[in-house]
Amino acid sequence: MSDQFDVRYIAQLARLDLSAEEITKFQSQLGQVLSHVEKLKQVDVSGVEPTAHANHVVNVFRADEPRDWFTPADALSNAPRSANGLFIVPKVIE
Amino acid sequence: MSLASLSVSELRCKLRSRETSPVEALNALEARIGKVDPVVHGYLSRDYATARALAEKADVNLPLGGVPIAIKDVINVKGEPCSCGSKILDGYTANYDATVIKLLRAAGAIPFGRCNMDEFAMGSSTENSAFGRSCNPWDPSRVPGGSSGGSAAVVAANEAFAALGSDTGGSIRQPAALCGCVGLKPTYGRVSRFGLVAFASSLDQIGPFTKTVEDAALLLNAISGRDPLDSTSVDEPVPDYTAKLGQDLKGVKLGMPKEYFIGGIDPQVDAAVRAAIRHYESLGAEIVEVSLPNTEHAVGVYYIIATAEASANLARFDGVRYGSRAGNANLLEMYGQTRGQGFGPEVKRRIILGTYVLSSGYYDAFYLRAQKVRTLIRRDFMSAFEKVDAIICPTTPEPAFKAGDRSDDPLKMYLADIFTIACNLAGTCGMSLPCGFAETDGKKLPIGLQLIGQPFQEARLLQIAHAYEQSTDWHKSVAPV
């Protein structure tokens with residue numbers, strides 16, 4: 001289990017910078033959690049449907065109509081950086 | 001008796017008879033908070049000015065008219081902070097009301113105060129808050145439980161008349177048990193999640209913390225119902241949840257799950273819960289043994305499903321639209337550093353675990369398998385409910401533990417939720433109410449009795465809880481803080 005479970009690689013997938021100490025610690029702590037979870041492999045689930053939601057819900061639609069909601073100023077009110085009614089982020093395209 | 005120690009229903013009577021006013025009620029809370037919150041640290045912030053303005057014009061004839069209600073810091077209240085106990089949202093100000101807040105306002109209540117919590121509702125002790133831990137009002141060296149530990153502590157310490165929390169795997173019932181108050185997790189879909197910052201969307205539900213069962217019914221009356229802004233909320237009729245209170249227990253069947261009464265339970269908790277079950281028999285309820293054979297798998301299933309959903313939900317904290325930002329050289333650096341510096345250790349652990357179980361090659365082995373075992377867990381409950389009206393068991397295996405005891409042992413911390421998790425996986429309703437005290441180191445520590453009800457049968461659940469509460473005195477004990 002733990003030889004396949006590589007915290008450093010998973011952290012990259014999650015876009016989450018971790019320190020060397022965190023990587024070592026999580027590797028061992030989550031290794032223990034994963035061994036506990038291993039027990040699920042003993043359960044016979046043949047023919048069992050997965051449950052994604054407790055209540056059986058199918059797609060719920062509402063009319064696609066404009067309504068009173070956030071103004072652009074509201075939407076930007078918590079932005080770390082904004083200008084001219086836009087979210088400002090580091091350059092994406094060279 | 002101080003005004004602050006009143007229940008919602010008692011306060012409501014005094015407000016309607018003009019014996020007191022909403023402003024006086026708020027003043028009483030302010031005095032109480034000033035006295036005990038330096039020890040309890042149940043609140044992250046309080047906005048007296050806004051609350052006082054609302055109190056001055058409150059209509060006390062509304063169902064919760066003029067009653068201040070404390071709010072877990074994960075539910076958006078317009079103009080208030082909503083940090084979720086996380087550094088990454090330090091400084092965030094909500095610019096809309098969650099649906100439950102709109103409904104509370106419509107019922108006349110005043111949202112007041114932000115309650116401390118484990119970061120993003122991940123934890124069982126409130127030690128994972130980025131803003132310091134909360135303390136148990138019965139023994140400040142112990143935890144109040146979590147993740148809604150602040151909500152439970154302020155109600156138990158009479159710093160609030162009632163509070164809202166959220167419950168993903170026990171985050172209302174476990175702290176209610178550890179602090180000695182009533183905590184109710186409604187059926188999935190009963191209460192709108194719109195405006196609740198998402199942790200695990202298929203499990204999260206908002207619910208009340210109160211001093212009495214009747215108060216829980218009053219709050220549930222206000223916050224229940226279908227909401228077009230939450231497509232998983234269900235269009236079930238909302239009854240008056242106080243209507244069945246006071247009815248006797250003749251013909252009521254309660255199920256003792258044999259898998260919940262095995263080794264590992266603290267002897268004082270075991271004795272208190274067994275005494276409560278005998279008490280139910282004396283009230284006329286019939287006790288039946290039931291089996292929930294997949295109980296041992298609940299914690300494993302939960303930590304796959306909840307972390308998988310969390311890793312997806314927390315992807316939105318990327319330093320672009322809200323929250324703090326770090327790193328500016330390029331987009332990847334900004335994402336990595338913003339999240340690496342903004343999230344605390346438990347949130348990082350769960351993002352890693354959730355990303356792993358969803359990653360290519362492991363999805364079927366972990367996530368899909370967990371969802372199938374979830375089906376089996378739900379079936380266990382549904383077949384038990386063919387025989388009984390509700391399930392009766394402990395809320396937690398032990399009373400409140402010492403701060404620091406488990407904070408570096410995630411697996412041990414996760415196992416603290418063993419009795420509460422299955423209810424969320426099954427999607428049904430559950431509550432905790434006080435059923436006694438454990439004596440530890442010369443301190444009295446509350447013990448919680450858990451009742452798990454059939455889906456959307458909260459009225460029955462509250463009736464069963466109320467019959468016990470009204471024939472015992474546990475809820476009258478006051479935390480010594």
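An account of the accompanying structure is given in this report. Values in this document were obtained by computation on a predicted structure and should not be read as measured data.

## Focus: the overall build of chain A
- Scanning chain A for helices and strands turns up 3 helices and 2 strands.
- Starting at the N terminus and walking to the C terminus, you meet the elements of chain A as α-α-α-β-β.
- A compact globule built from 94 residues should have a C-alpha radius of gyration of about 12 Å, whereas chain A, at 22 Å, is more than 25% larger.
- Within chain A, the fraction of its 94 residues that count as buried is 29%.
- Split by element, the accessible area of chain A, about 6700 Å² in all, is 51% carbon and sulfur.
- Averaging the locations of the 9 positively and 13 negatively charged side chains of chain A gives two centres separated by 4 Å.

## A word on the sheet that holds strand 4 (residues 162–167) of chain B
Residue and element names in this part refer to chain B.
- Strand order in the open sheet formed by 11 strands is 1-3-2-4-6-5-10-11-9-7-8, with mixed pairing between adjacent strands. Edge strands, defined here as strands with exactly one partner in the open sheet, are strand 1 (43–45) and strand 8 (286–290). Ignoring strand direction, the axes of neighbouring strands in this sheet form an average angle of 35°.
- Across the face of the sheet, helix 2 (residues 22–40) comes into contact with strand 1, strand 2 (68–72) and strand 3 (110–115) while running at roughly 10° to strand 3.

## Re the packing of aromatic side chains
- On inspection of all chains with the given rule, the structure shows 23 aromatic pairs over all chains.
- Relative to B:Tyr356, the ring of A:Phe5 lies with its centre 4.7 Å away and its plane at 70°, an arrangement referred to as edge-to-face. In this pair, A:Phe5 is assigned in the segment before helix 1 (7–13) and B:Tyr356 in helix 11 (residues 345–358), connecting two distinct chains. With respect to class, A:Phe5 is no different from B:Tyr356; both count as buried.
- Measuring from centroid to centroid gives 6.2 Å for B:Tyr92 and B:Tyr322, while their planes differ by 90°, and the two rings are edge-to-face. Taken together, the residues B:Tyr92 in the loop between strand 2 and helix 4 (99–106) and B:Tyr322 in the loop between helix 9 (298–313) and helix 10 (331–342) connect sequence positions 230 residues apart.
- By relative accessible area, B:Tyr92 is classed as buried at 12%.
- By relative accessible area, which is 22% here, B:Tyr322 ends up partly exposed.
- Cluster of aromatic residues (ring-pair linked, three or more members): B:Tyr92, B:Phe120, B:Phe317, B:Tyr322 and B:Phe343.
- A cation over a ring is seen here: A:Arg67 above A:Trp69, with NZ or CZ 5.3 Å from the ring centre.

## Observations concerning the packing of helix 9 of chain B against helix 11 of chain B
Residue and element names in this part refer to chain B.
- Between helix 9 and helix 11, the shortest axis-to-axis distance is 7 Å and the interhelical angle comes to 100°. On the basis of their axis angle, the class for helix 9 and helix 11 is roughly perpendicular. For the pair helix 9 and helix 11, the contacting residues are Tyr 303, Ile 304, Thr 307, Ala 308 and Ser 311 in the first and Arg 350, Ile 351, Leu 353, Gly 354, Thr 355, Val 357 and Leu 358 in the second.
- Looking at the contact of helix 9 with helix 11 residue by residue, the classes come out as 7 nonpolar, 4 polar and 1 charged.

## As for unusual backbone geometry
Residues and elements named next belong to chain B.
- Look at the link from Gly 146 to Ser 147: it is a cis peptide, with omega at 10°.
- Here Ser 147 is to be found in the loop between strand 3 and helix 5 (149–156).
- Unlike most non-glycine residues, Cys 84 shows phi in positive territory, near 55°.
- Topologically, Cys 84 is positioned in the loop between strand 2 and helix 4.
- Residue Cys 84 is classed as buried on the basis of its relative accessible area of 0%.

## Concerning the interface of chain B and chain A
- The partner chain A presents 54 residues to the 71 residues of chain B that form the contact.
- It is B:Ile352, B:Tyr356 and B:Arg369 that lose the most area in chain B upon contact with chain A, and together they represent 12% of the buried surface on that side.
- The salt bridge involving A:Glu22 is made with B:Lys348; its shortest N-O contact spans 2.7 Å.
- On inspection of chain B and its partner chain A, the count reaches 18 residue pairs in polar contact (both at pLDDT 80 or more).
- Broken down by secondary-structure element, the contributors of at least two residues to the side of chain B that touches chain A are helix 9, helix 10, helix 11, helix 12 (363–384) and helix 13 (410–415) of chain B.
- The element best represented in the side of chain B that touches chain A is helix 12 of chain B, accounting for 12 residues.
- Within the side of chain B that touches chain A, the residues separate by chemical class into 34 nonpolar, 23 polar and 14 charged.

## Re the pattern of salt bridges
Residue and element names in this part refer to chain B.
- Tallying each qualifying case throughout the model produces 21 salt bridges over all chains.
- Of the charged contacts in the structure, one is a salt bridge between Arg 142 and Asp 441, with a shortest N-O distance of 3.1 Å. Of the two residues, Arg 142 is situated in the loop between strand 3 and helix 5 and Asp 441 in the loop between strand 10 (429–440) and strand 11 (443–453); the sequence distance between them amounts to 299 residues.
- Assessed through its relative accessible area of 7%, Arg 142 is described here as buried.
- Of the residues examined, Asp 441 reaches a relative accessible area of 59% and is grouped as exposed.
- Arg 321 is the salt-bridge partner of Asp 318, the closest N and O atoms lying 3.5 Å from each other.
- Residue class for Asp 318 comes out buried when judged on its relative accessible area of 12%.
- Here the salt bridges do not stand alone but share partners, grouping Asp 139, Arg 142, Asp 441 and Lys 443 into one network.

## A closer look at the pairing of strand 2 of chain B
Residue and element names in this part refer to chain B.
- Within strand 2, 5 of the 5 residues are buried, leaving the element largely enclosed by the surrounding structure.
- Here strand 2 shows two buried faces, one formed by Pro 68, Ala 70 and Lys 72 and the other by Ile 69 and Ile 71.
- Relative to strand 3, strand 2 is paired through 4 bridges, and the arrangement is parallel. Along strand 3, the bridge assignment pairs Pro 68 with Ile 110.
- At this point the chain moves from strand 2, through helix 4, to the parallel strand 3, and the crossover so formed is right-handed.
- Sheet analysis places strand 2 next to strand 4, joined by 2 bridges and oriented parallel. Following the sheet pairing, Ile 71 is matched in strand 4 by Leu 164.

How each quantity is defined
- Residue numbers here run from 1 along each chain, matching the order of that chain's written sequence.
- Throughout, the order in which chains and ligands are written sets their labels, letters from A for the former and numbers from 1 for the latter.
- Where local features are concerned, this predicted model is filtered to residues with pLDDT of at least 70; where side-chain atom pairs are given and counted, the filter is 80 or more; whole-chain, interface and lining totals use all residues.
- The side-chain figures draw on all heavy atoms in the structure; neither hydrogens nor water molecules are used.
- Numbering of helices and strands runs from the N terminus, with a helix taken as a DSSP run of H or I at least four residues long and a strand as a DSSP run of E at least two residues long.
- For the radius of gyration, the atoms used are the C-alpha atoms, and the globule rule reads 2.2 Å times the number of residues raised to 0.38.
- Only protein chains enter the calculation, and the probe is 1.4 Å; a residue is then buried if its accessible area is under 20% of its type maximum, exposed if over 50%, and partly exposed in between.
- To be clear on the numbers: accessible area is Shrake-Rupley with a 1.4 Å probe, and residue cover counts the displayed protein chains and nothing else.
- In this count, Lys and Arg are taken as positive residues and Asp and Glu as negative ones, while His and the chain termini are left out.
- To locate a charge, the coordinates of NZ of Lys, CZ of Arg, CG of Asp or CD of Glu are taken.
- Any two strands are treated as partners once DSSP identifies two or more bridges connecting them.
- Angular values range over 0 to 180 degrees, each being the angle between N-to-C directions of two axes fitted as lines to C-alpha atoms, with helices fitted over their stretch in contact.
- Between two residues, a contact is recorded if the distance between any of their heavy atoms is within 4.5 Å.
- Centres within 6.5 Å make a pair out of two Phe, Tyr or Trp rings, where for Trp the six-membered ring is used; the pair is then stacked when the planes are under 30 degrees apart, edge-to-face when over 60, and tilted otherwise.
- Counting as a charge over the ring demands two things of the Lys NZ or Arg CZ atom: a distance within 6 Å of the ring centre and an angle within 35 degrees of the ring normal.
- By definition in this entry, angles of less than 35 degrees are roughly parallel, angles greater than 145 are roughly antiparallel, angles of 65 to 115 are roughly perpendicular, and the rest are oblique.
- Put simply, Ala, Val, Leu, Ile, Met, Phe, Trp, Tyr, Cys and Pro go in the nonpolar bin, Asp, Glu, Lys and Arg in the charged bin, and everything else, Gly too, in the polar bin.
- When two parts are put together, the accessible area they lose, computed with a 1.4 Å probe and summed over both, is reported as buried area.
- One speaks of a salt bridge when a side-chain nitrogen belonging to Lys or Arg is within 4 Å of a carboxyl oxygen belonging to Asp or Glu.
- We call two N or O atoms a polar contact when they sit within 3.5 Å, provided that within protein one can donate a hydrogen and the other can accept it, with sequence-adjacent residues counted only if both atoms are side-chain atoms.
- Clockwise travel from the first strand over the helix to the second, with the strands pointing away from the viewer, marks a crossover as right-handed.

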